[in-house]
Amino acid sequence: MRRRLALGLLLVVQLAGCGSGGGGRNDDPALAVPRAASAQERAVGGWADAAQSYWARFRDCGSGASPGRGYFTSCTKQGRRTLRQAERHALRGLGGPAAPCKRLRSLITRTGASLEHAVKAFDASNDAGITRRPYRGAPPQSLYLNGERSLAEDVPLARRLSRDAPAAC
């Protein structure tokens, strides 16, 4: 009886395809050949890298010994130029009316605006302190946190959307 049960079980396993996902297909993601990134993906990836680099430079600016007026803007000048160039390049390929294209454009412009508002707020706060005037703008720390959140949430989302968005964006 055990022998028949074992043979029956072996037959079922063989017919099921030995656990390879059935049908002889190989569904193991570790063995999958990576697909080539589209031009759109590369442009969005370049923008995402530029945004991270710009923000890292802004964080490093805080260690300045004696910042003067407009210090944070001048400290991040090269990074901002690189970010804007990457932003223009990414947006150039996203002119289509499809919803993923619009969503990507929105994420890119919103992230750039969040980062820029934080830098300008820190500049305005710093300048007010140097000139001994009260600062009357939005709290720089909350704008900084908005920038952090945008980098943590919007940038990875933009990268994922760029992979899934139609090539005709």
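Colleague: Is there a simple way to explain the overall build of the protein chain in this structure?
Modeller: On a plain count of helices and strands, the protein chain comes out with 6 helices and 0 strands. Going residue by residue from the N terminus, the α and β elements of the protein chain occur as α-α-α-α-α-α. Expressed as a percentage of its 169 residues, the buried residues of the protein chain come to 31%. Looking at the protein chain alone, contacts between residues at least 24 apart form 75% of all its contacts between residues at least 6 apart.

Colleague: Which parts of the structure should I look at to understand the nonpolar core?
Modeller: Among the nonpolar cores identified, the biggest contains 32 residues, and Trp47, Leu83, Leu104 and Leu115 are the most heavily contacted of them. Listed by contribution, the elements that provide at least two residues to this core are helix H2 (39-61), helix H3 (71-75), helix H4 (77-92), helix H5 (99-130) and helix H6 (140-164). In this structure Leu104 touches Gln40, Val44, Leu94, Ala158, Leu161, Ser162 and Ala165, once residues within four positions along its chain are discounted.

Colleague: When you look at the packing of H2 against H6 in this model, what are you seeing that I'm missing?
Modeller: Between two packed helices, the angle of one axis relative to the other and the distance separating the axes together describe the packing. It is at 9 Å that the axes of H2 and H6 come closest, and there the two elements cross at 165°. Taken together, H2 and H6 sit at an angle that is classed as roughly antiparallel. As for how H2 packs across H6, the hand of that crossing is left-handed. Counting all contacts with H2, which are made through Gln40, Glu41, Val44, Gly45, Trp47, Ala48, Asp49, Ala51, Gln52, Trp55, Phe58 and Arg59, the residues of H6 involved are Tyr144, Gly147, Glu148, Leu151, Val155, Ala158, Arg159, Ser162 and Arg163.

Colleague: Help me out: how do you make sense of the environment of Thr111 in this one?
Modeller: Relative to the helices and strands, Thr111 is located in helix H5. Here Thr111 falls in the buried class, since its relative accessible area comes to 1%. Excluding residues within four positions of it along the chain, Thr111 makes contact with Trp47, Ser150, Leu151, Asp154 and Val155. Of note is the side chain of Thr111, whose polar atom sits 2.8 Å from the backbone oxygen of Leu107.

What counts as what
- Residues numbered from 1 in each chain as written.
- Predicted model: local features only at pLDDT ≥ 70, side-chain atom pairs only at ≥ 80, totals over all residues.
- Heavy atoms only, no water.
- Helix = DSSP H or I, 4+ residues; strand = E, 2+ residues; numbered from the N terminus.
- Buried < 20%, exposed > 50% of the residue type's maximum accessible area, 1.4 Å probe, protein only.
- Contact = heavy atoms within 4.5 Å.
- Core = buried A, V, L, I, M, F, W, Y, C linked by side-chain atoms within 4.5 Å.
- Axes fitted to C-alpha atoms, helices over the stretch in contact; angles between N-to-C directions.
- Parallel < 35°, antiparallel > 145°, perpendicular 65-115°, else oblique.
- Left-handed = near helix turned anticlockwise from the far one by under 90°.
- Polar contact = N/O pair within 3.5 Å; in protein donor to acceptor, adjacent residues only side chain to side chain.

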